[in-house]
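Remarks on the overall topology
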Amino acid sequence: MYRPFHFMKAPLTAALLCTALATPAFAAKDLVVGVPDNLTGLDPQDINDTLSQSATRSIFQGLFGFDKDMKLIPVLAESYESNAQATEFTFHLRKGVVFHDGTPFNAQAVKISFDRLSDPANKLKRQSMLSMLAETVVVDDSTVVLRLKEPFGALPNTLAHAATTIHSPKALETYGKEVLRHPVGTGPYKFVSWSTDTMKVARNEAYWKKGMPKVDSITFKSVPENKSRVAMLQTGEAHFIYPLPPEMMKVVEMDPALDIINEPSIIARYVALNGMKKPFNDVRVRQALNYAIDKTAWAKIVYSGYAKPLDSALPANLPFYVKQLSYDYNPTKAKQLLAEAGYPNGFETEMFGRNNTLSVRSMQFLQQQLSQIGVKTSVVPLESGLEAAKVWAVEKPEDSTVQMQYGGWSSSTGDADWALRPLLWSKGFPPKFFNVAYYKNETVDNAIEAGIATADPAKRAEAYRVAQEQIWKDAPWLFLGVDNLLAGKSKKLSGFYELPDGGLLMEDAEIQ
């Protein structure tokens, strides 16, 4: 438990003075987090990446959230009921909550945020999260009803996603689109500043949970280079870093002041292959590239063994996962398939991804593997903002310049729907959704839509089984692996967690 610091009446001894001078620059209750990429924005309704969404979690809250095991918990909603058809949900809201600007939280605030997100005219990147919403009805200050266009049994989990957290109505009115840089929520921390590589939030003194939060501020510091991020942890410049470079696990293990987090994840690593462009419009080419990659070697070289091959479109720890027959490493078969498709000598292409160490290492490994079957691949590492623009600034599929995109995805709702529909549904091409492979298959579309049209687990399981089997055959991705959650932290830090989807949970953070 934190206790207030009292000045000593006696003068400092030489030993104490040396200790004081060696103390890191931040105060004891200022938490610093080292992250691999720059944040792309602070409006949770208009950002795509898990890291930026995590940072906004310190400021914003939704009707629901997740605990450290990613189990659904009530936050701004205390309870809810739904009809049998899963087309109408009634939420009973927490009373006595205020936004950071003093605006009361109530049903009207929920309506304004949800109507803003669900309206296609606003062109928000996360509009698809509430695309099924037909009407938001305010019953009274503490009761709101969501009426849907179609059955959607996964709505409560969807309302735990960062994109459905609630903005201050006053902030939306005051800042408009610039709310991206002026975030105002009900969360444990209030926004202070955001620059190219640093974002800072400070304790919300009026937070509705008494005695919380337990640290004065949190600073997110972008450090793409692995060794530099570890050095921050070792010197005390940071209390928590992620991802912890797998090749440096043993170094951190030897430091008595540090702890390691090594847990299973639901983060799938893959390369999206643009099926609207040659040569990726031929399924034989896409399958050939999968046979050309040694997934076990990928896990060993890129993640030092802290990963497992991806053997379906769903990671194994998600509901409704079904294991598929693997694309075993077989360069000979890969060459045969390329020859059948009309590329006996291979072809030239481009792969882009984030510019952090692990992404670059992975793309370089894939480049080397593909060269063995005659595929010459240019690797283009991009800063997170540039990568986002390359994908999401395109309005028409035919205008996309994507050939191969290295990336990762996790279902931040904890549901199979959010691992398939955003990525592999033909109605989800950018900028609406994240189907960067521009993949379209009627069987898969029907199965994905059937999976969200019911709350019956058996019916959902069958729908997602069909989808996974067809996706695996069509190979719109290079299916790579599922990496472990690796993070490093100071032993002085408690109550700070990395969730299975790679998001951060920081409300209970405390520094001894």
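What this report covers is the structure whose coordinates are included nearby. (Residues numbered from 1 in each chain as written. Predicted model: local features only at pLDDT ≥ 70, side-chain atom pairs only at ≥ 80, totals over all residues. Heavy atoms only, no water.)

Section: the overall build of the protein chain
Quick reminder of the rule: The helix and strand labels rest on DSSP assignments: H or I over at least four residues marks a helix, E over at least two residues marks a strand, and numbering proceeds from the N terminus. Between the two quantities, the radius of gyration covers C-alpha atoms and the globule rule is 2.2 Å times the number of residues to the power 0.38. Only protein chains enter the calculation, and the probe is 1.4 Å; a residue is then buried if its accessible area is under 20% of its type maximum, exposed if over 50%, and partly exposed in between. When checking whether two residues touch, look at their non-hydrogen atoms; a contact exists if any pair is within 4.5 Å. Here Asp and Glu are counted as negative and Lys and Arg as positive; His is not counted, and neither are the chain ends. For the purpose of locating charges, the reference atoms are NZ of Lys, CZ of Arg, CG of Asp and CD of Glu.
Within the protein chain, the regular secondary structure consists of 15 helices and 23 strands. Computed over C-alpha atoms, the radius of gyration of the protein chain comes to 24 Å, within 12% of the 24 Å expected from 2.2 N^0.38 for 512 residues, which places it in the range of a compact globule. When the backbone C-alpha atoms are referred to their principal axes, the protein chain occupies close to 85 × 60 × 40 Å. Put simply, the protein chain has 512 residues, and 56% of those count as buried. When contacts within the protein chain are restricted to residue pairs at least 6 apart in sequence, those whose partners lie at least 24 apart make up 69%. Averaging the positions of the 55 positive and the 56 negative side-chain charges in the protein chain gives two centres separated by 2 Å.

Observations concerning unusual backbone geometry
With an omega of -10°, the peptide bond between Tyr242 and Pro243 qualifies as cis. Summarising the element assignment, Pro243 is placed in the loop between β11 (240-241) and α7 (249-253). Positive phi outside glycine occurs at Met70, with the angle close to 60°. One non-glycine residue, Ala475, lies in the positive phi region at around 50°.

Description of helix α3 (residues 107-118)
Definition in use: Helix span, as expected, comes to 1.5 Å for every residue beyond the first. Residues adjacent in sequence count toward polar contacts only when both atoms are side-chain atoms; beyond that, a polar contact is any pair of N or O atoms within 3.5 Å, and within protein one must be able to donate a hydrogen and the other to accept it.
Here α3 is twelve residues long and its end C-alpha atoms lie 16 Å apart, about the 16 Å a rise of 1.5 Å per residue gives. Those residues of α3 not exposed but buried are Ala107, Ala109, Val110, Ser113, Phe114, Arg116, Leu117 and Ser118. One side-chain oxygen of the residue at the start of α3 lies 3.2 Å from the amide nitrogen of Gln108, identifying that residue as Asn106.

With respect to the layout of surface pockets
Keep this limit in mind: In this analysis, the protein atoms alone were mapped onto a 1 Å grid. Cavities are point sets where a 1.4 Å probe fits without being able to get out; pockets are open sets with protein on both sides within 12 Å along at least five of seven lines; lining residues have an atom within 4 Å of a point. Grid points are joined across faces, edges and corners, and a volume is the space filled by probe spheres set on the points. Polarity classes work like this: nonpolar for Ala, Val, Leu, Ile, Met, Phe, Trp, Tyr, Cys and Pro, charged for Asp, Glu, Lys and Arg, and polar for all others, with Gly in that last group.
In this model, the largest pocket occupies a volume close to 1,000 Å³. For the largest pocket, the lining is made up of 48 residues, of which Asp49, Thr50, Arg269, Arg354 and Gly408 are closest to its centre. If one sorts the elements of the lining of the largest pocket by residue count, strand β17 (residues 404-410) sits on top with six residues. Taken together, the residues of the lining of the largest pocket sort by class into 23 nonpolar, 14 polar and eleven charged. One number sums up the size of the second largest pocket: a volume of about 580 Å³. What lines the second largest pocket is a set of 35 residues, among which Arg57, Gly65, Phe66, Leu504 and Leu505 lie closest to the centre. Among the elements of the structure, α2 (50-57), β2 (64-66), β3 (72-74) and β22 (504-505) are those that each provide at least two residues to the lining of the second largest pocket.

A word on the sheet that holds strand β14 (residues 307-309)
Short version of the rule: Pairing between strands is defined by DSSP: at least two bridges between the two strands are required. Each axis is a line fitted through C-alpha atoms, and for a helix only the stretch in contact is used; angles between axes span 0 to 180 degrees, taken between their N-to-C directions.
Across the sheet, which stays open at both edges, the six strands sit in the order β14-β18-β13-β17-β15-β16 with mixed pairing between neighbours. The outermost strands of the open sheet, each flanked by one partner alone, are β14 and β16 (376-382). When the angles between neighbouring strand axes are averaged without regard to direction, this sheet yields 25°. The sheet contact formed by β14 and strand β18 (residues 477-483) spans three bridges and is antiparallel. Within β18, the residue paired with Ala307 across the bridge is Asp483.

Let's talk about the packing of helix α14 (residues 442-452) against helix α15 (residues 457-474)
Packed helices, taken two at a time, are described by the angle between their axes plus the distance between the axes. Quick note on the threshold: Every angle not falling under 35 degrees, over 145, or within 65 to 115 is termed oblique; those three ranges are roughly parallel, roughly antiparallel and roughly perpendicular. If you view the pair so one helix is near and one far, a crossing is left-handed when the near helix is turned anticlockwise from the far one by less than a right angle, and right-handed when it is turned clockwise.
Packing of α14 against α15 leaves a shortest axis separation of 8 Å and a crossing angle of 155°. For the element pair α14 / α15, the angle class is roughly antiparallel. The crossing of α14 and α15 is left-handed. On α15, the residues touching Thr443, Val444, Ala447, Ile448, Ala450, Gly451 and Ile452 of α14 are Arg460, Ala463, Tyr464, Val466, Ala467, Gln470 and Ile471.

Topic: the side chain of Arg286
Put simply, the test is: Salt bridges are identified by distance alone: a Lys or Arg side-chain nitrogen within 4 Å of an Asp or Glu carboxyl oxygen.
Relative to the elements of secondary structure, Arg286 occurs in helix α8 (residues 283-291). For Arg286, which is buried and forms no salt bridge, the nearest opposite charge comes from Asp474, at a distance of 5.1 Å. Looking at Arg286, its side chain comes within polar contact range of the main-chain oxygen of Asp474, at 2.9 Å.

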